[in-house]
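Reading the structure
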Amino acid sequence: MRGAVHEHRPAGPAPADLWACVTRPELDQDRPALGELTYRDVLVRASDLADRLRARGVRPGEPIGLHGENRPDWVIALLALVGLGASPLLLPADCPPAEVRRLLAAAGARRQLRTESTEATGGSAESAAVGDVPLLVADAGATGPDRQPGTVLLVSSGSTGAPKVVERSPRSVVDEGLRYQHAGLARADESVLLPLPLSHAYALGWLAGVLVAGGHAVPTPPRAVGAVHTALRRGAHVLVTVPGLARVLARRAARTAEAPPPALHRVMAGAGYVDQDLDALWTRTFGVGVSRNYGSSETGAVLWGEPGLPSGAVGRPMPGVAVDLLAPDGRVLAGPAQGDLAVVLEDGTAHRMHDLAERDEQGTFRILGRARRGAVRRGSRWVSTPEVESVLRRAPGVADLTVTVTGAADSDDQGLTVEYVAADDTAAGPEQLRAHARAHLATYKVPDRFLPYHRLRRSSVGKPQAAPTYHLSPAAPRTTADRTLASALSVLDLLSPLATGVTSADLARGAGLRTDVLPLLLDTAVAAGLLTTDATRTDGAPAPWTYAPETAAGRALADVVRGRAPEPPATPEPRAALDGPLPADDEAALPVHAAGPASEHLVSNAVHGPAGDLGRLAALLCPGGLLVVKDEFVRDPLALSDEPSRTAVVDWLVRDHLRWWTVQELQAGLEAVGLHLEETHRATTGLHATVTARKPT
């Protein structure tokens, strides 16, 4: 039977919460726990931090924001808060200050605990949490009610467009950890590598599993491909990841032709769609297929499966939970069937997962998509949008893509719309994608519309985010970049509709604006504080910046959004070096050659632009040739919390430089045109980064 569960149930009572996991008297305190720290180290540091927090007046049940990078000190802070009985609100590390304030207000929290990174402290990441306690008071309004001591507060995925705070009791968190232990996935003698946002429910469940089992967790910053590779070589037994990072790691290993990691025996991919191609890639490269994981913020993980499952399949129920399929009238469906996924947890609580799924004769579940937006019914057949996405992502020149459902939810003939980012506009035009869909999908699965964009809204774990409703904010412009944004919104006559709240699609439709550019303007204005996607942050009063004077830059930005040609750029023309060694000086004057192919190719300050033309750069290289891209990149196009990032993006918008704002976006584009990523180096300060990729032989 595929996905069979071999349960491991140690004797003795279960821990009451995560703090109890590390304070059990029978636990070997000299066993590795977090990174280089033993359980004894963790206990000493967490106890010291708890004492400091208690002295600062942190009380049982008080909601406290926890904000920091994926490092051992974050886990130590979580344990200290739970040990005190506080209710930690797990804030994504990339949340900008405005988003942090909004989430704190939603949870009724007035204080947050920030764990400092190595760069910020100048010392070791492990020691940062036990110095002076960075307990900050936030302007988040009135304090909310206290919770049950030790309740963990999670920010739900933004894929629904309306993130909310989910409460998980201490018992619920431990129960999820026990599922991983009882299934034999988390073991005392194994090291689990976690390159995931620790604030996400998926990572929290695995962390709980490791601590319940008394195992070894290695938290690693997401997307830190080099650090993950090093940890695998050092002997990690289990890698917990998402499909995107799993694909990058396997491609990198395939290029280097190194021996498989010495101890790795399981890679678990969750929070995304896993297809058979990814499973086969890992099997060829590492000798280990891809296991599957599925769950939600409210329930934790409830399904898992061994490698070898069909695309989209996520396996069978985890120990301790019951998973059913429901008919539209609420009846429980038996045997092979399609229906709404529903779960009953260890404590007897029932949860509707809001996903459509099917179960085969062996009892293996396959997720078709979200019941309201991820699966579409056409006639008598259901179409899984993750399946359609998986097929279309393999189309030449596609860097990013999402498929959404259109039409009434009760319709038997709903539509499918593809929104995508092209790394090469010539190879990935709408008609090329339609032809690819017709060649690889049944007729009833072919989408109706293909819409090119410059970027798609995604959460920190890569899930697509629904388009928000934008509102005016009472904040005033603070910088020249902010004034440019305010001027553009005024020139475009968008202030009146924004005063009452409106989506970018409605604005574009009403004013005849570019649907692929307007969201970039609005999201940047949100990062600047001029707009908000949270209606509760507005009071209906006129925004003071609505009377700001027009500027030349604001008018130029408005022209870009209207689709008019921008002014000629003041920046130097693209510079490229072909044939010969790469210069050591980043700013060396480099000749441009029309001829090729070349063994080495350098592009400096020239990848941003309105057109997707990375395919042209790839074509200039001979097989085995190296491409080096040196440019400025922001870390998160939806955050832009620091002024240099926001200023750079506003300048890019004014100059019609609309693509590859982040390193991750460029990396996806380079892979989409057939190049293999090698190394990425970011400057410790500023926005500069260097990305290298090689053309396969």
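Quick look at the structure, then. (Residues numbered from 1 in each chain as written. Predicted model: local features only at pLDDT ≥ 70, side-chain atom pairs only at ≥ 80, totals over all residues. Heavy atoms only, no water.)

Counting its regular elements, the chain contains 20 helices and 33 strands. A burial count over the chain gives 56% of its 697 residues as buried. Partitioning the contacts of the chain with sequence separation of at least 6, the portion at a separation of at least 24 is 68%. Total accessible area computed for the chain in this model is approximately 28,100 Å², and 51% of it derives from carbon and sulfur atoms. (Helix = DSSP H or I, 4+ residues; strand = E, 2+ residues; numbered from the N terminus. Buried < 20%, exposed > 50% of the residue type's maximum accessible area, 1.4 Å probe, protein only. Contact = heavy atoms within 4.5 Å. Areas by Shrake-Rupley, 256 points an atom, 1.4 Å probe, with all protein chains shown as cover.)

With 5 bridges joining them, strand β32 (residues 676-682) and strand β33 (residues 688-694) adopt antiparallel strand pairing. What sits directly across from Thr 680, in β33, is Val 691. Here β32 hands over to β33 after 5 residues, with Gly 686 in that stretch at a positive phi of 85°. (Pairing = 2+ DSSP bridges.)

Strand order in this open sheet of 3 strands is β27-β26-β28, and the pairing throughout is antiparallel. What marks the edges here is a single partner per strand, and that holds for β27 (502-503) and β28 (531-532). Looking at chain direction, strand β26 (residues 469-472) and β27 are connected through 2 bridges and run antiparallel. Residue Thr 469 lies in a different strand from β27, and its bridge partner there is Thr 503.

Let us look at the environment of Val 398. Considering the arrangement of structural elements, one finds Val 398 in strand β23 (residues 398-406). C-alpha separation for the pair Val 398 and Gly 669, spaced 271 residues apart in sequence, amounts to 7.4 Å. Every residue in contact with Val 398, bar those within four places of it in the chain, is listed here: Leu 392, Arg 393, Val 421, Ala 428, Leu 433 and Ala 672.

A separate point is helix α2 (residues 39-55). Between its first and last C-alpha atoms α2 spans 24 Å; for 17 residues at 1.5 Å apiece the expected length is 24 Å, and the two agree. Looking only at α2, the buried set comprises Tyr 39, Val 42, Ala 46, Leu 49, Ala 50 and Leu 53. In a view along the axis of α2, the buried residues occupy a sector of 105°, so they form one face of it. What points out from α2, more than 90 degrees from its buried face, is the exposed set Val 44 and Ala 55. (Expected span 1.5 Å × (residues − 1). Arc of directions from axis to C-beta.)

For the rest of this paragraph, the subject is the nonpolar core. Judged by nonpolar contacts, the single largest core of 103 residues is most densely connected at Leu 78, Leu 79, Trp 206, Leu 239, Trp 282 and Leu 341. If one sorts the elements of this core by residue count, helix α7 (residues 201-213) sits on top with 11 residues. Residue contacts for Trp 282: discarding those within four places in its chain leaves Leu 239, Ala 246, Arg 247, Leu 249, Ala 250, Leu 264, Val 267, Gly 287, Val 288 and Val 290. If you look at the next biggest cluster of nonpolar residues, it comprises 43 residues, including Leu 472, Val 491, Trp 652 and Val 654. (Core = buried A, V, L, I, M, F, W, Y, C linked by side-chain atoms within 4.5 Å.)

With that settled, the discussion passes to the packing of aromatic side chains. If you walk through the whole model with that rule in mind, you get 3 aromatic pairs. Summarising the aromatic geometry, the rings of Trp 282 and Phe 286 are spaced 4.1 Å apart at their centres and angled 20° between planes, so their arrangement reads as stacked. Of this pair, Trp 282 and Phe 286 both sit in helix α10 (residues 276-286), 4 residues apart, which is roughly one turn of that helix. With relative accessibility at 0%, the residue Trp 282 sits in the buried group. Since its relative accessible area comes to 10%, Phe 286 is described here as buried. Judged by centre distance (6.2 Å) and plane angle (45°), the rings of Trp 652 and Trp 661 are tilted. One cation-aromatic arrangement involves Arg 455 over Trp 661; the distance from NZ or CZ to the ring centre is 3.8 Å. (Phe/Tyr/Trp six-rings, centres within 6.5 Å; stacked < 30°, edge-to-face > 60°. Lys NZ or Arg CZ within 6 Å of the ring centre and 35° of its normal.)

Next up on the list: the packing of helix α13 (residues 480-491) against helix α17 (residues 552-562). The contact between α13 and α17 brings their axes to 7 Å, and the two run at 55°. Classified by the interaxial angle, the pair formed by α13 and α17 is oblique. Where α13 crosses over α17, the two elements pack in a sense that is right-handed. Here Thr 484, Leu 485, Ser 487, Ala 488 and Val 491 of α13 come into contact with α17, specifically with Ala 553, Gly 554, Arg 555, Leu 557, Ala 558 and Arg 562. Across the contact of α13 with α17, the residue classes break down as 6 nonpolar, 3 polar and 2 charged. (Axes fitted to C-alpha atoms, helices over the stretch in contact; angles between N-to-C directions. Parallel < 35°, antiparallel > 145°, perpendicular 65-115°, else oblique. Left-handed = near helix turned anticlockwise from the far one by under 90°. Nonpolar A, V, L, I, M, F, W, Y, C, P; charged D, E, K, R; others polar.)

Two quantities define a packed helix pair, namely the angle between the helix axes and the distance between the axes. Closest axis-to-axis distance for the α13/helix α16 (residues 518-527) pair is 10 Å, and the angle between their directions is 135°. The pairing of α13 with α16 is recorded here as oblique in orientation. Handedness of the α13/α16 crossing: left-handed. Contacts from Leu 485, Ala 488 and Leu 489 of α13 reach α16 at Leu 521, Leu 522, Thr 524 and Ala 525. Its residues assigned to classes, the contact of α13 with α16 shows 6 nonpolar, 1 polar and no charged.

Between its first and last C-alpha atoms α13 spans 16 Å; for 12 residues at 1.5 Å apiece the expected length is 16 Å, and the two agree. With 9 of its 12 residues buried, α13 lies for the most part within the structure. All of the buried residues in α13 are Ala 481, Asp 482, Thr 484, Leu 485, Ala 486, Ser 487, Ala 488, Leu 489 and Val 491. Tucked inside the fold, the buried residues of α13 contact α14 (495-500), α16, β28, α17 and α19 (643-654). Directly after α13, the chain includes Asp 493, whose backbone phi takes a positive value near 60°.

Where charged atoms from two side chains of opposite charge approach closely, those side chains can pair. Under the defined criterion, the tally for this structure stands at 35 salt bridges. The salt bridge partner of Arg 266 is Glu 306, with a shortest N-O separation of 3.0 Å. One end of the pair, Arg 266, is in strand β12 (residues 266-269); the other, Glu 306, is in the loop between β14 (300-305) and β15 (313-317), and 40 residues separate them in sequence. Residues Asp 329 and Arg 331 are paired through a salt bridge, measuring 2.9 Å at the closest nitrogen-oxygen approach. Owing to a relative accessible area of 54%, Asp 329 belongs among the exposed residues under this scheme. (Salt bridge = Lys/Arg side-chain N within 4 Å of Asp/Glu carboxyl O.)

Right, let's get into the side chain of Arg 292. If you trace the backbone, Arg 292 turns up in strand β13 (residues 290-296). Polar contacts involving the side chain of Arg 292 include one to the side chain of Asp 279, which spans 3.5 Å. Among the polar contacts listed, one links the side chain of Arg 292 to the backbone oxygen of Pro 310, at a separation of 3.2 Å. The contact partners of Arg 292, leaving out residues within four places of it in the chain, are Met 268, Ala 269, Val 274, Asp 279, Leu 303, Trp 304, Gly 305, Leu 309, Pro 310, Gly 312, Ala 313 and Val 314. (Polar contact = N/O pair within 3.5 Å; in protein donor to acceptor, adjacent residues only side chain to side chain.)

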